[in-house]
Amino acid sequence: MHVPSPILAPIVALVAWSMIMWLWMYATRLPAMARAKMKPDPNAPRGEQMNQLPANVRWKADNYNHLMEQPTIFYAVAFALALLGIGGGINLTLAWAYVGLRVVHSLVQALVNKIEIRFVLFLLSSLVLVALTVNAARAVF
């Protein structure tokens, strides 16, 4: 029986967190749209209607979108590490650190949206991603 790479767990955790943010986005957006009596207009320029919603509602959608951006690189490098057979040890620790930083980033953005704090969290998570990439590159080259 093949034992899956341990680095798959943080991958699944970040996907699950993304789905939580998706639910949170719609749980706040749909009631806000109803309160504003907003009807989706397919002819409105992208984002124009949603920009009319309160900022604290938009923050959840902004974060969900962010979770569709840089984390795609995390998924790619984590899968590469799993396929290379080096998804444990320091790489597993780094992967969980990345997920933890992204979750905290989400909470900061969705609840208070302090840009200075978000930037530090983004920078730290990016550095973790660089470390994972370097480790994968060492194994490949």
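Basis of the calculations
- Residues numbered from 1 in each chain as written.
- Predicted model: local features only at pLDDT ≥ 70, side-chain atom pairs only at ≥ 80, totals over all residues.
- Heavy atoms only, no water.
- Phe/Tyr/Trp six-rings, centres within 6.5 Å; stacked < 30°, edge-to-face > 60°.
- Helix = DSSP H or I, 4+ residues; strand = E, 2+ residues; numbered from the N terminus.
- Buried < 20%, exposed > 50% of the residue type's maximum accessible area, 1.4 Å probe, protein only.
- 1 Å grid on protein atoms, 1.4 Å probe; cavity = no way out; pocket = protein on both sides within 12 Å on 5 of 7 lines; lining within 4 Å.
- Points joined across faces, edges and corners; volume = space filled by probe spheres on them.
- Expected span 1.5 Å × (residues − 1).
- Contact = heavy atoms within 4.5 Å.
- Core = buried A, V, L, I, M, F, W, Y, C linked by side-chain atoms within 4.5 Å.
- Axes fitted to C-alpha atoms, helices over the stretch in contact; angles between N-to-C directions.
- Parallel < 35°, antiparallel > 145°, perpendicular 65-115°, else oblique.
- Left-handed = near helix turned anticlockwise from the far one by under 90°.

Please clarify how the packing of aromatic side chains should be interpreted in this entry.
Aromatic ring pairs: the centre-centre distance and the angle between the two ring planes describe each pair. Scanning the entire structure with this criterion turns up three aromatic pairs. Relative to Tyr26, the ring of Trp22 lies with its centre 5.7 Å away and its plane at 75°, an arrangement referred to as edge-to-face. With Trp22 and Tyr26 both in helix H1 (residues 8–35), this residue pair falls four residues apart, about one helical turn. Classification of Tyr26 as partly exposed rests on a relative accessible area of 32%. Between Phe74 and Tyr98, the aromatic rings sit 4.7 Å apart at their centres with planes inclined by 15°, giving stacked as the arrangement. Taken together, the residues span a long stretch of sequence, with Phe74 in helix H3 (residues 71–83) and Tyr98 in helix H4 (residues 89–111) at a distance of 24 residues. The class of Phe74 is buried, set by a relative accessible area of 0%.

Mind showing me how you'd approach the layout of surface pockets here?
Regions of empty space are outlined by a rolling probe, equal in size to a water molecule, passed over the atoms. By volume, the largest pocket amounts to about 230 Å³. Residue lining of the largest pocket: Arg29, Arg46, Gly47, Met50, Asn51, Arg58, Ala61, Asp62 and Asn65, and that is the complete set. With four residues, helix H2 (residues 55–66) is the single largest residue contributor to the lining of the largest pocket.

Can you walk me through H2 in this structure?
Because the α-helix completes a turn every 3.6 residues, residues three or four places apart line up on one side. Here H2 is 12 residues long and its end C-alpha atoms lie 16 Å apart, about the 16 Å a rise of 1.5 Å per residue gives. The set of residues buried in H2 consists of Val57, Trp59, Lys60, Ala61, Asn63 and Tyr64. Turning to H2, the residues buried within the fold contact H1 and H4.

Quick question: what am I supposed to make of the environment of Ile20 here?
Inspection of the secondary structure puts Ile20 in helix H1. Considered as a pair, Ile20 and Ala76 are 56 residues apart in the sequence and their alpha carbons are 21 Å apart.

Before we go on, may I ask you to explain the nonpolar core in this structure?
Most often, soluble globular proteins have nonpolar side chains that are buried together. The biggest cluster of nonpolar side chains holds 27 residues, and the ones touching the most others in it are Ile7, Leu14, Met21, Phe74, Tyr98, Val128 and Leu132. If you list the elements that add at least two residues to this core, you get H1, H2, H3, H4 and helix H5 (115–140). At seven residues, the largest contribution of residues to this core is made by H4. If you look at the next biggest cluster of nonpolar residues, it comprises six residues, including Ala32, Met38, Met50 and Leu53.

Looking at this structure, how should I read the packing of H1 against H2?
Each packed pair of helices is defined by two parameters, the angle between the axes and the distance between the axes. Running from N to C, H1 and H2 cross one another at 150°; their axes reach a closest spacing of 8 Å. Considered as vectors, H1 and H2 are oriented roughly antiparallel to each other. For the crossing formed where H1 meets H2, the hand is left-handed. Residue-level contacts link Ser18, Met19, Met21, Trp22, Trp24, Met25, Thr28, Arg29 and Ala32 of H1 to Val57, Lys60, Ala61, Asn63 and Tyr64 of H2.

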